[in-house]
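# Coordinate analysis (summary)
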Amino acid sequence: MNKWYQTTADNADVSASTSICFARNLVGIPFPSRMSMADRRSVLQKIQAVLSQDRNFRYGRFTQVDLESISKAQAIALAESELISAEMVTDTQGRGVFVSEDESLSIAVNGEDHLLIQSKSAGMQLEKVFGAADELDTFLDRLLPFAFDAQLGYLTQNPFYLGTGMIASLQLHLPALTELGSTGRIAHNLSRLGLTMRGTFGTEPNPKGAWFRLSNQVTMGLSEREALSNLSSMAGQIISHEREMRETLTGRLSVQDTIFRDFGILKNARLISFEEFLKRASAVRLGITAGLIKGIAVSKLDTMIYKAQPATLIFDSGEALTEEECCKLRARMVREGLN
Amino acid sequence: MLCESCGKNTAVIRVKAIVNGEPVEYALCSECAHDLGYANLLFDMLTGYDGTLNDFFPDGEDAAEVKHCPCCGASFQDILRSGKIGCAECYHTFADQLAPFLRKIHGSVSHRGKTAGGGDLPQVLPKAQLSVMHQQLREAIQSENFEQAAALRDKIHEMEEDGQ
Ligand SMILES: [Zn+2]
Ligand SMILES: [Zn+2]
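Keep in mind the model is a prediction, meaning the values are calculated, not measured. (Residues numbered from 1 in each chain as written. Chains lettered and ligands numbered in written order. Predicted model: local features only at pLDDT ≥ 70, side-chain atom pairs only at ≥ 80, totals over all residues. Heavy atoms only, no water.)

## Re the domain arrangement of chain A
All names here are of chain A. Assigned domains of chain A: these are domain 1 (1–163), domain 2 (170–246) and domain 3 (253–338). One C-alpha centre belongs to domain 1, the other to domain 2, and the line joining them spans 24 Å. Taken together, the contact between domain 1 and domain 2 spans 19 residues of the former and 19 residues of the latter. Together domain 1 and domain 2 conceal approximately 1,700 Å² of surface at their shared face, both sides included; 58% is due to carbon and sulfur atoms. When the buried area of domain 1 at its contact with domain 2 is split by residue, Val14, Leu126 and Phe130 rank highest and sum to 34% of it. Connecting domain 1 to domain 2 are three salt bridges. Inspection of the region where domain 1 meets domain 2 yields ten residue pairs in polar contact (both at pLDDT 80 or more). (Domains from an automatic or database assignment. Contact = heavy atoms within 4.5 Å. Buried area = accessible area lost by both parts, 1.4 Å probe. Salt bridge = Lys/Arg side-chain N within 4 Å of Asp/Glu carboxyl O. Polar contact = N/O pair within 3.5 Å; in protein donor to acceptor, adjacent residues only side chain to side chain.)

## Some points on the interface of chain A and chain B
Taken together, the contacts link 58 residues of chain A with 53 residues of chain B. Summing both partners gives a buried area of about 4,700 Å² for chain A against chain B, and 59% of it is carried by carbon and sulfur. If you sort the residues of chain A by the area they bury against chain B, Arg34(A), Arg142(A) and Phe160(A) come out on top, with a joint share of 16%. Here chain A and chain B share five salt bridges between them. We note a salt bridge from Glu226(A) to Arg112(B), for which the minimum N-O separation is 2.6 Å. Every element with two or more residues in the side of chain A that touches chain B is listed here: helix 2 (72–80), helix 3 (86–90), helix 4 (126–143), strand 6 (148–149), strand 7 (153–154), helix 7 (224–250) and helix 11 (310–317) of chain A. For the side of chain A that touches chain B, the element with the highest residue contribution is helix 4 of chain A, accounting for seven residues. Of the residues in the side of chain A that touches chain B, the class split is 26 nonpolar, 17 polar and 15 charged. (Helix = DSSP H or I, 4+ residues; strand = E, 2+ residues; numbered from the N terminus. Nonpolar A, V, L, I, M, F, W, Y, C, P; charged D, E, K, R; others polar.)

Following this line, the structure appears as structure tokens:
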């Protein structure tokens, strides 16, 4: 079965993926920072029991991963896939994640909240992703007592997420706007509209690979659909702006030269770090979407970016690798993918 | 300790991240933490507040009079120190103390959107779920997916029995 990130979707030239999370907690059990180990295990068991009641349908087929019984590399790989938080990697006892086969639906248990329900898809598909998260949430809500208050909404450990407890994000590739130095100003303007835009890999002003995450920041006083429609309309403007700038930029010979040189390096390198790969893959991605590089789908490149992350690469290889072996394996995977 | 991002301000929070395949911990000042998306109750409580945390904990307070949440045992001081709410019940136990901070974060609006429900009837699945399953059963039979149909039929039967 294909994973969600291996599929092609609309608007993927700029918005590589969509994800929506719901933070949920159970009544009568302390939030994760004050939970006992017995509480943690009991919450895991409760969720497992509820999901198994759906044995004949998809939720019953979720794979349960207990973080305490997996390798460190696997736990970090789960964090790189954003199925669990970095904080969960460093304290794995009594914590876990339930994942659907295509990894598009998951429930992280005992992280920042008792449950973090997450739905993902390629491209920009807010409706579809929201629908899947909402359906799973409704199923769980029928069988678990979620902490909720009519005024405050869903009760969360961090009061910033009170209200809907929903964070929706789009993974945006903005090489043209980055090249023109516009992303800082855009991020600043968005923050006044209740949205945030930050680098995905690292926190520099010009983040690695020109990858940005655009998310809603307001969870209170706006319904889920209102928050999604705000996000969607702002994303639409950023996407069309990026496309316009790409058109101008990729017409320049110097930019085309960079794209084809980076493509050449990726097709031939014998050792490549993740950082270098991200940088060159950004130019190649731009070349693909501009029609300069043919025969490679954007989703194929995005899958490579996903698989080239350090811990994911090590875990998938099934061995402990040195830094150099990692770079060697990454270079081989990229070469084979592009040639 | 100085903030590891700007190197200028005093660090107030430690956050975890995965960098180059390894978990790392950063100490950040409130400004950098905010910029990097680590929203924390504590910062907003202290932003624009001229005193120190100690002003929240007057000396000589009688320990017996400190209110604790009946569910998780947290005091309001515990919440301030950690920047994290102890449990759902804390929102009621410390409603008055939390109110100004919640107003500061969210304004004076209240929740709109999805409502949790059915949680107090944990074992009874509503009729809607059954009717969906009946529909799925019809579809399974139509598409001659008999294995799935049989499983569905058993499940529906089981649920209808339980519901009585
Ligand atoms: Zn700082
Ligand atoms: Zn409490």
